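Below are the chains, spelled out letter by letter.
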Amino acid sequence: MFTGIITDVGRIRASEQRGDLRLIISCAYDMDTVAIGASIACSGVCLTVVDKGEGWFAVDASAETISRTAAGNWNEGTRLNLERALKVGDELGGHIVTGHVDGVGHIVASETIGDSWKVTVAAPSSLAPYIATKGSITVDGVSLTVNEIADQADGSANFMLNIIPHTAHMTTLDTLNVGRQVNLEIDVLARYLKRMEDIRAR
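Predicted model only: the values in this text are computed from it and were never measured.

Draft legend 1. Structural context of the pairing of strand E1 (residues 8-17). Bridge count for E1 against strand E6 (residues 79-84) is four bridges, and the pairing is antiparallel. When the sheet's bridge partners are listed, Arg11 is paired in E6 with Arg79. Relative to strand E2 (residues 21-26), E1 is paired through six bridges, and the arrangement is antiparallel. Considered in E2, the bridge of Ser15 is made with Leu23. Two successive antiparallel strands, E1 and E2, enclose a turn made up of three residues.

Draft legend 2. Region of the structure containing helix H3 (residues 188-200). With 13 residues, H3 extends 19 Å between its outermost C-alpha atoms, agreeing within 8% with the 18 Å of an ideal straight helix rising 1.5 Å per residue. The backbone nitrogen of Leu189 has a side-chain oxygen 3.1 Å away, supplied by the residue at the start of H3, namely Asp187.

Draft legend 3. Just the sheet that holds strand E13 (residues 181-186), in detail. Ordered in space as E10-E9-E13-E7-E8-E12-E11, the seven strands form an open sheet in which the pairing is antiparallel. Strand pairing shows two members of the sheet lacking a second neighbour, strand E10 (142-145) and strand E11 (148-151), which therefore form its edges. If you compare each strand with its neighbour and ignore which way they point, the axes differ by 35° on average. As judged from the seven bridges shared by strand E7 (residues 103-113) and strand E8 (residues 116-123), these two strands associate in the antiparallel manner.

Draft legend 4. Representation of the sheet that holds E2. With respect to topology, six strands assemble into a closed barrel ordered E1-E2-E5-E4-E3-E6, the strand pairing being antiparallel. Averaged over all neighbouring strand pairs, the angle between strand axes comes to 45°, with direction disregarded. Looking at chain direction, strand E3 (residues 39-42) and E6 are connected through three bridges and run antiparallel. In the sheet register, Ala41 faces E6, and the bridge partner there is Glu83.

Draft legend 5. Just the nonpolar core, in detail. In this structure, Val121, Val139, Phe159, Leu161, Ile163 and Leu184 are the most contacted members of the largest nonpolar core, which totals 21 residues. Apart from the residues within four sequence positions on either side, Leu161 is in contact with Trp117, Lys118, Val119, Val121, Ile137, Val139, Leu144, Thr145, Val146 and Asn147. Membership of the second largest hydrophobic core comes to 19 residues, among which are Leu21, Met31, Cys42 and Val59.

Draft legend 6. Seen up close, the side chain of Thr3. Looking at the secondary structure, you find Thr3 in the segment before E1. Among the polar contacts made by the side chain of Thr3, one reaches the main-chain amide nitrogen of Ile5 at a distance of 3.2 Å. Not counting chain neighbours up to four residues away, the residues in contact with Thr3 comprise Glu83, Leu86, Glu91, Leu92, Gly93, Gly94, His95, Val97 and Ser143.

Draft legend 7. Region of the structure containing the pattern of salt bridges. Under the definition given, this model contains seven salt bridges. Arg22 is the partner of Asp60 in a salt bridge, and the nearest nitrogen-oxygen pair spans 2.4 Å. Residue Asp60 is located in strand E5 (residues 56-61), and its partner Arg22 is located in strand E2; the two are separated by 38 residues in the primary sequence. Exposure remark for Asp60: the relative accessible area of 29% places this residue in the partly exposed category. Between Glu148 and Lys118 there is a salt bridge whose closest N-O contact spans 4.0 Å. Residue Glu148 is located in strand E11, and its partner Lys118 is located in strand E8; the two are separated by 30 residues in the primary sequence. Taking the relative accessible area as the measure of exposure, Glu148 reaches 39% and is therefore partly exposed.

Draft legend 8. Seen up close, a nonpolar patch on the surface. Judged by side-chain polarity, Met1, Leu86, Leu92 and Ile96 come together as a nonpolar surface patch covering roughly 340 Å² of accessible area. Position of Ile96 among the secondary structure elements: in the loop between E6 and E7. Ile96 sits in the partly exposed class, given a relative accessible area of 39%.

Draft legend 9. The environment of Val142, seen in detail. Mapped onto the secondary structure, Val142 falls in strand E10. Judged by its relative accessible area of 4%, Val142 is buried. With 136 residues separating them in the primary sequence, Val142 and Ile6 have C-alpha atoms 6.5 Å apart. Leaving out residues up to four positions away in the same chain, Val142 has contacts with Gly4, Ile6, Asn81, Ile137, Thr167, Thr171 and Leu173.

Cut-offs used in this document
- Residues numbered from 1 in each chain as written.
- Predicted model: local features only at pLDDT ≥ 70, side-chain atom pairs only at ≥ 80, totals over all residues.
- Heavy atoms only, no water.
- Pairing = 2+ DSSP bridges.
- Helix = DSSP H or I, 4+ residues; strand = E, 2+ residues; numbered from the N terminus.
- Expected span 1.5 Å × (residues − 1).
- Polar contact = N/O pair within 3.5 Å; in protein donor to acceptor, adjacent residues only side chain to side chain.
- Axes fitted to C-alpha atoms, helices over the stretch in contact; angles between N-to-C directions.
- Core = buried A, V, L, I, M, F, W, Y, C linked by side-chain atoms within 4.5 Å.
- Buried < 20%, exposed > 50% of the residue type's maximum accessible area, 1.4 Å probe, protein only.
- Contact = heavy atoms within 4.5 Å.
- Salt bridge = Lys/Arg side-chain N within 4 Å of Asp/Glu carboxyl O.
- Patch = residues over 30% accessible without salt bridge, like charges linked within 9 Å, V, L, I, M, F, W, Y side chains within 5 Å.
- Areas by Shrake-Rupley, 256 points an atom, 1.4 Å probe, with all protein chains shown as cover.

Encoded structure:
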């Protein structure tokens, strides 16, 4: 489990196609405190540490993972939002995040308002029912609050976020180009509520 509070920004140092895609990710973590088999969320994707060294760790990304995450996420040189798994007793500063990407959205608008950025993200129709104003959503692993939502005629939804300078500085959300794909994870409580509603409606 994670909180969506990013603790480091890493960079993919190398990638090698084996049975799965082996990624070497540079980071600032003290790797002596990270065990082989530990979970690290990489831009919202929970991956397992399979090797490590000073200033880096390795993970294997399966074809399923790559097919369900944002395009370009796993290229060499790509920056990744990193978060180590939540420990019992840690502060829950964001919201409960599982590290399982539910879908891919893309940025449709980005504008500065004061020192912050108003960003509009298009979410697919499969996720639209789970997104609510003032609810939580994870974007590339970052816990954020939905400010507004606009349902679209095709069943999709555009939701608006406010990115403050601190969030931009501490994450990869400092580059908010229109068209950029992002990993989305809906709030876990919304997922279960929707499931219960679907069963009740049968």
